[in-house]
Amino acid sequence: TAEERDEDDEEEETQPRATPPPPAAAALGARTGRQYSSAGAGDAVAFGLTEDQVEFKAMADDFAANELMPFAAKWDEEKHFPIDVLRKAAGLGFGGIYCREQHGGTGLGRLDAAVIFEALAYGDISFTTYLTIHNMNAFIIDRFGSDELRREYLPRMTCMDLLSSYCLTEPNSGSDAASLSTTARRDGDDYVLNGAKAFISGGGVSDVYVVMARTGEAGPKGISCFLVEKGTPGLSFGKQEVKMGWNSQPTSTVSFDDMRVPASHRIGEEGVGFKIAMAGLDGGRINIATCSVGGARFALDAAREYTSTRKQFGRALAQFQNTQFKLADMATSLSASRLMVRRAASALDAKAPFATAEAAMAKRFATDTCYDVANCALQLHGGYGYLREYPIERVLRDLRVHSILEGTNEIMRVIIAREMDRGTV
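The model shown is predicted, which means the values in this text are computed figures rather than measured ones.

Caption draft 1: Representation of the overall build of the protein chain within the structure. Looking only at helices and strands, the protein chain features 14 helices and ten strands. Residue burial in the protein chain is summarised as follows: out of 425 residues, 53% are buried. Counted over contacts in the protein chain with a minimum sequence separation of 6, partners at least 24 positions apart contribute 75%. When the accessible surface of the protein chain is summed, it comes to about 17800 Å², and 52% of that surface belongs to carbon and sulfur atoms.

Caption draft 2: Structural view of the side chain of Thr129. Here Thr129 lies in helix H8 (residues 125-144). If we ignore the near neighbours within four places in the chain, the residues touching Thr129 are Trp246, Gln249, Ile288, Cys291 and His402.

Caption draft 3: View of the environment of Gln102. With respect to the secondary-structure elements, Gln102 resides in the loop between helix H6 (83-91) and helix H7 (110-123). The spacing of Gln102 and Arg150 is 48 residues in sequence and 9.7 Å in space, taken between C-alpha atoms.

Caption draft 4: Structural context of the pairing of strand S2 (residues 183-187). Two elements, S2 and strand S3 (residues 190-201), share five bridges in a ladder whose sense is antiparallel. Note on S3: the bridge partner recorded for Thr183 is Asn194.

Caption draft 5: A look at unusual backbone geometry. Phi at Met160 is positive, roughly 65 degrees, even though this residue is not glycine. The topology assignment puts Met160 in the loop between helix H9 (147-158) and strand S1 (164-167). Here Met160 falls in the buried class, since its relative accessible area comes to 0%. The backbone of Lys351 shows a phi angle near 55 degrees, a positive value even though the residue is not glycine. The residue Lys351 is located in the loop between helix H11 (321-349) and helix H12 (355-381) in this model.

Caption draft 6: Expanded view of the pattern of salt bridges. Here the structure, examined in full by the defined rule, presents 21 salt bridges. Measuring nitrogen to oxygen at the nearest pair gives 3.3 Å for the salt bridge that ties Glu118 to Arg342. Here Glu118 is found in helix H7, whereas its partner Arg342 is found in helix H11, with 224 residues between them in sequence. The two residues Glu118 and Arg342 agree in class, both being buried. Of the charged contacts in the structure, one is a salt bridge between Asp147 and Arg150, with a shortest N-O distance of 2.6 Å. Here the residue Asp147 and the residue Arg150 both occupy positions in helix H9, the gap between them amounting to three residues, near one helical turn. Residue classification places Asp147 among the partly exposed positions, given a relative accessible area of 47%. A single network of salt bridges, built from pairs that share partners, joins Lys57, Asp61, Glu118, Arg297, Arg338 and Arg342.

Caption draft 7: A look at the packing of aromatic side chains. Under the definition given, this model contains twelve aromatic pairs. Centre to centre, the rings of Tyr306 and Tyr390 are 6.2 Å apart; their planes meet at 80 degrees, and the pair counts as edge-to-face. Residue Tyr306 is located in helix H10 (residues 273-309), and its partner Tyr390 is located in the loop between H12 and helix H13 (392-400); the two are separated by 84 residues in the primary sequence. With respect to burial, Tyr306 and Tyr390 carry one shared label: buried. One aromatic cluster is present, formed by Phe63, Phe71, Trp75 and Phe127 through successive ring pairs. Looking at Arg315, its charged tip hangs above the ring of Phe320, at a distance of 4.1 Å from the centre. The ring of Tyr371 has Arg400 sitting right over it, with the charged end atom 5.9 Å from the ring centre.

Caption draft 8: Up close: the nonpolar core. Counting residues in each nonpolar core, the largest one holds 92 residues, and the members touching the most others are Leu120, Phe127, Leu131, Ile140, Tyr166, Met212 and Ile267. Considering each element in turn, this core owes the most residues, 14 residues, to H10. When sequence neighbours within four positions are dropped, the list of residues in contact with Met212 reads Tyr166, Cys167, Leu168, Leu180, Thr182, Lys197, Ile223, Ser224, Cys225, Gly273, Ile276 and Ala277. Among the nonpolar cores identified, the runner-up in size contains 16 residues, and Cys167, Val228, Met259 and Ala263 belong to it.

Caption draft 9: Expanded view of the pairing of strand S7 (residues 251-262). Sheet analysis places S3 next to S7, joined by nine bridges and oriented antiparallel. Across the sheet, Ala196 pairs through a bridge with Ser255, a residue of S7. Bridge count between strand S6 (residues 235-237) and S7: three bridges; the pairing is antiparallel. If you follow Phe237 over to S7, its bridge partner there is Val254.

Parameters and conventions
Residues numbered from 1 in each chain as written. Predicted model: local features only at pLDDT ≥ 70, side-chain atom pairs only at ≥ 80, totals over all residues. Heavy atoms only, no water. Helix = DSSP H or I, 4+ residues; strand = E, 2+ residues; numbered from the N terminus. Buried < 20%, exposed > 50% of the residue type's maximum accessible area, 1.4 Å probe, protein only. Contact = heavy atoms within 4.5 Å. Areas by Shrake-Rupley, 256 points an atom, 1.4 Å probe, with all protein chains shown as cover. Pairing = 2+ DSSP bridges. Salt bridge = Lys/Arg side-chain N within 4 Å of Asp/Glu carboxyl O. Phe/Tyr/Trp six-rings, centres within 6.5 Å; stacked < 30°, edge-to-face > 60°. Lys NZ or Arg CZ within 6 Å of the ring centre and 35° of its normal. Core = buried A, V, L, I, M, F, W, Y, C linked by side-chain atoms within 4.5 Å.

What follows is the structure in C-alpha cells.
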C-alpha cells in the first residue's frame, strides 16, 4: 500500500548511502518511483476515492510501470507512436472511459478518468495525453452523435482499432476559436468542406477526425461538427511537425479541399458545433491538468531519489534544509494541483453549473504549477538534469505545452473572470 511504501521510505532514509555514479536511462526507468512515491499515502482517504477507483489506479499504475515507463525515452527519441500499446490500454477499458457500455465504453466518470490518467501520465505524459484526446472524441460521438454514428464508430474507437483526432484550432484562429474559417457548405446529401486545421495530434495517422467547420453565420452559432474518415477524397495532411515535446505522438496540419462528407456524419444539429467543442474541452482541460499532475509526481519522485543519493560537501543533498524546503514546496504544489483537478472532475460528473469555471481554474493552476515542480526537479539534478540520460528534461519538455493547448492559460483566466461575472464562482 501507499502507507507501507511511505513507512519503508522513512526507514530507508535513515540508512547511510553511498554516492553512485550517474545512472543510465534504463536504470532510471526501473528505479524511479519504486523507492519514493508521491502518490499520496492517504490518497483514498484524503479525497474519498471509492474501492473501485483505488483498483483503477492500481491497474493504471501497473500498466504505466510495465508498458510505458521502460520505453518512454526511446519513443521520445525515435518519435515512435506506440499504437500497439494504445490498443493494450484500450484492452483494459482505457479507450472509452466515459462512453456508455452499450457502445463499448467503460461507463465511468470524470473523477475515475482523472485517477487513471494521472497514473498513466506518471509513466509517459505524451502517450497519455493522446489517449485523453481520443477519449474526448469518443465522448463527443457518444453524447452528441446519432445512433447510426454511435453504432458504426464507437465499438471500434473504444478498442482503438480506430484512432481519432480533434480538429478545432486553425492557422489563423487559436485562442479565438469561434472565428474559425473552415467552411462546410450543404450540397444535397453531403457537406463540402474547405479549409485547414493546425497542430492536430494524430494528424496523418488517426483514422477518424472530429472536425469543427462553419455552416452558417459568423461567430460561435455558425459552427457545426463533423466526423471525417481518413482516406476521404480531398482530405490531406501536412508534414509532421518537429516539436519540443510530445514526440511519441504525431502532429500535423489537416486540410480539406472540396472534401465531401455525408450529412449523416454531422454530429449534432447545425450550429451547435461550438457548444459541442466546448463541452469536449471542459473535460479535456481536466484531462490535461491531471496529466500534468502525473508528470509532476514523477518529477518529484525522481528529485527525491536523486537528492537522497547525490552527495556534496560531505553529505546527501536531501540533508540540506534548502533542499528539504524545495521538496516540501513541490509536494505541496502537487497535492494542491491534484485536489483542484479532482474537484473539477467531480463538478463535471455532477453537471454542476460551476463545472466550466472549475475546469478552467484546475487547468490554469495545475499546468502552470506542475511545470514549475518539474523545473525545480531539474534544478535539483544540477547539470545531470539537463542530460537526455535522465528523464527530467523529457518530462519538462512534455509538460511545457500544457499551458498552451486546450485553451491557453490566458484564456482560462478570461473564462474564470466571465464565470465570476455570471455568479458561478
